Amino acid sequence: MTLPSADVLVVGGGNAALCAAITAREAGASVALLEVASEWQRGGNSRHTRDIRFAHPGASAYVTGGYPEDEFWDDLLRVTGGKTIEPLARLVIRQSADIETWMMDRGVRWQAPLRGTLHLARTNIFMLGGGKAMMNALYATALRSGVRIVYDANVQRLDISDGRFKCAELLLAGELSDITAKAVVVASGGFEANVEWLRRYWGNAADNFVIRGTPHNTGTMLAQLLERGAESIGDPKQFHGVALDARAPTFDGGIVTRLDSVPFGIAVNRDGRRFYDEGEDFWPKRYAIWGRLIADQPGQVAYSIVDSRARGLFMPSVFPPFVAPTLPELAEALALPVATVCETVEAYNASIHTGRFDPTVLDDCHTERLDPPKTHWAVPIADGPFYGYPLKTGVTFTYMGVAVDDSARVLFQGGEPSSNVFAAGEVMAGNILGQGYLAGFGLTIGTVFGRIAGREAARRAAA
């Protein structure tokens, strides 16, 4: 069966895909969007989000202060360690400045800054109703504008020859179908839900990972692009991975399964030993490295331990913590070696340089002569009851993707940009995120490059 053709075909159903589809339609192109999920599960990882980072000059009803482009760039440079393509990164930062108004004009509603949310009230704007409400608004706008949306559309193959797209082949209602278009935007996410693919780089450790978002991001379109000669970019072992409650479901647990207790206590592996600086920097700039840190630990598991003074300093967990009146009893409840945990906590407590504890700043509470150190928010774990959370690696999205230029064109072998193949979102985020993460930045990349891809695809279709 051959589906009606379109000027622009968008493969994917999350934020980047909708931004591309809406922009292309507003530019006058006919647009078809293929979403692999059913309508009730549409939106990919975007439906699990709640905020987006953007450059802005000052406070408003939705943010508490300004976030200039230079500070945004400095933050990104620090978390990536310089592993970013600067022109593309600066492009994203610069074009993020109108995200608040652009999305509001297309039905998204914001809310006043929230407390206890990773110190993001100044830098990030929060959707009223979260990511699902944002996606519902964008889908409604797309439909009103005339975008043709096809659900349960499992794209199997992209017909690309010499860097030029011809048609897509898909399974629809159990029947093999195809659709032609003058240009295609691939915005179908990474390969994090493909455990077999993760296992190529992580071995059997990948079997212990939890996938925070959609089970549909299996990397099929990424594999198709690479097989057709697209240049890859990014380290295949790098991903946005958080410390997730080990009791979370394997797929689609979303943001509520993340644990933010780590900076306010210590994290130990299954042997009862600390393995990284829990207070290295503000949590929005470090929370997304902890999944990968846990992935390197025995059994890909760790444990966050705090005492009663830390309660209320972080967002409540969706699963109740393990609670015990004494530290040995907590270690026993967590099935950790009791003597080692007590020794670890004693060494940590003894190393603390007493300062003025302040969770809102990089305070002067730190350890001395302890390896690994704790750079900030180091206070004794001494006041019962004691609380523990089991942690696993929660993978959000993978960083290996396809190389693009500043027009979102996919680069093929030799660095030659395609004339009609574009990419946006997680499938190309590795151009900008070589490692590390800033809270809310994935949506920023998807919004900016989605709009660029949609605009350029429509322009190509009209040529």
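Up top is the structure these notes are about.
What you see is a predicted model, and the numbers here were worked out from it, not measured in a lab.

Criteria and thresholds
- Residues numbered from 1 in each chain as written.
- Predicted model: local features only at pLDDT ≥ 70, side-chain atom pairs only at ≥ 80, totals over all residues.
- Heavy atoms only, no water.
- Pairing = 2+ DSSP bridges.
- Helix = DSSP H or I, 4+ residues; strand = E, 2+ residues; numbered from the N terminus.
- Salt bridge = Lys/Arg side-chain N within 4 Å of Asp/Glu carboxyl O.
- Buried < 20%, exposed > 50% of the residue type's maximum accessible area, 1.4 Å probe, protein only.
- Contact = heavy atoms within 4.5 Å.
- Axes fitted to C-alpha atoms, helices over the stretch in contact; angles between N-to-C directions.
- Parallel < 35°, antiparallel > 145°, perpendicular 65-115°, else oblique.
- Left-handed = near helix turned anticlockwise from the far one by under 90°.
- Nonpolar A, V, L, I, M, F, W, Y, C, P; charged D, E, K, R; others polar.
- Expected span 1.5 Å × (residues − 1).
- Right-handed = clockwise from strand over helix to strand, strands pointing away.

## Brief notes about the pairing of strand β8 (residues 164–172)
Every regular strand shows the same layout, with side chains that alternate between the two sheet faces. Where strand β7 (residues 153–161) meets β8, eight bridges bridge the pair, whose relative direction is antiparallel. Paired with Asp 159 across the strands is Cys 167, a residue of β8. Between the antiparallel neighbours β7 and β8 lie two residues, among them Asp 162 with a positive phi of about 55 degrees. As defined by bridge partners, β8 adjoins strand β9 (residues 175–186) across six bridges and the pair is classed as antiparallel. By the bridge assignment for β9, Leu 170 is matched with Ser 177. Connecting the antiparallel pair β8 and β9 is a turn made up of two residues, with Ala 173 showing a positive phi of about 55 degrees.

## So, the pattern of salt bridges
With the rule as written, the count across this model stands at 25 salt bridges. A salt bridge links Asp 98 to Arg 451; the shortest N-O distance between them is 3.0 Å. Residue Asp 98 is found in the loop between α3 (86–95) and α4 (99–104), and its partner Arg 451 is found in helix α11 (residues 441–462); the two are separated by 353 residues along the sequence. A salt bridge links Asp 358 to Arg 356; the shortest N-O distance between them is 3.5 Å. On the accessibility criterion, Asp 358 (15% relative accessible area) is buried. Of the residues examined, Arg 356 reaches a relative accessible area of 61% and is grouped as exposed. A single network of salt bridges, built from pairs that share partners, joins Asp 75, Arg 78, Asp 281 and Lys 285.

## Brief notes about the environment of Glu 39
With respect to the helices, strands and loops of the structure, Glu 39 is situated in the loop between β2 (31–34) and β3 (51–53). A residue is classified by how much of its surface remains accessible, and Glu 39, at 48% relative accessible area, is partly exposed. Through-space distance from the C-alpha of Glu 39 to that of Lys 374 is 46 Å; in sequence the pair is 335 residues apart.

## With respect to the environment of Val 323
As for its position among the elements, Val 323 is in strand β15 (residues 322–324). With a relative accessible area of 46%, Val 323 lands in the partly exposed category. In this structure the C-alpha to C-alpha distance between Val 323 and Phe 386, which are 63 residues apart in sequence, comes to 5.7 Å. Non-local contacts of Val 323, meaning those with residues more than four positions away in its chain, are made with Leu 330, Pro 385, Phe 386 and Tyr 387.

## Points about the packing of helix α2 (residues 69–80) against α3
Interaxial distance between α2 and α3 falls to 10 Å at its minimum, and their mutual angle equals 135 degrees. Relative to α3, α2 is oriented oblique. Judged by the twist between their axes, the crossing of α2 over α3 is right-handed. Across the interface between the two elements, Glu 69, Asp 70, Phe 72, Trp 73 and Leu 76 from α2 touch Glu 86, Ala 89, Arg 90, Ile 93 and Arg 94 from α3. Taken together, the residues of the contact of α2 with α3 break down into five nonpolar, no polar and five charged.

## Focus: the sheet that holds β3
Read across the sheet, three strands follow the order β3-β5-β4 without closing on themselves; strand pairing throughout is antiparallel. Of all strands in the sheet, those with a lone pairing partner are β3 and β4 (110–111), marking the two edges. Across three bridges, β3 lies against strand β5 (residues 124–127) in antiparallel orientation. Note on β5: the bridge partner recorded for Asp 51 is Phe 126.

## Examining the packing of helix α1 (residues 15–26) against helix α5 (residues 130–145)
In helix packing, the relevant descriptors are the interaxial angle and the interaxial distance, both defined with respect to the helix axes. As a packed pair, α1 and α5 sit with axes 10 Å apart at the nearest point and diverge in direction by 25 degrees. One way to sum up the angle between α1 and α5 is to call them roughly parallel. Of the two possible hands of crossing, α1 and α5 adopt the one that is left-handed. From α1, Asn 15, Leu 18, Ile 22 and Arg 25 reach across to α5, where they touch Met 134, Met 135, Leu 138, Tyr 139, Thr 141, Ala 142 and Ser 145.

## Remarks on α1
The terminal C-alpha atoms of α1 lie 16 Å apart, and with 12 residues this matches the ideal 16 Å at 1.5 Å per residue to within 8%. The buried fraction of α1 is high, at 10 of 12 residues. Among the residues of α1, those classed as buried are Asn 15, Ala 16, Ala 17, Leu 18, Cys 19, Ala 20, Ala 21, Ile 22, Thr 23 and Ala 24. Those residues of α1 that are buried lie in contact with β1 (6–11), β2, α4, α5, β9 and α11.

## Quick word on the pairing of β1
The element β1 is largely enclosed, with a buried count of six among its six residues. As defined by bridge partners, β1 adjoins β9 across five bridges and the pair is classed as parallel. In the strand pairing of β9, Leu 9 is matched with Val 184. Bridge count for β1 against β2 is four bridges, and the pairing is parallel. Bridge pairing in β2 places Val 11 opposite Leu 34. Note on the crossover from β1 through α1 to β2: the handedness is right-handed.

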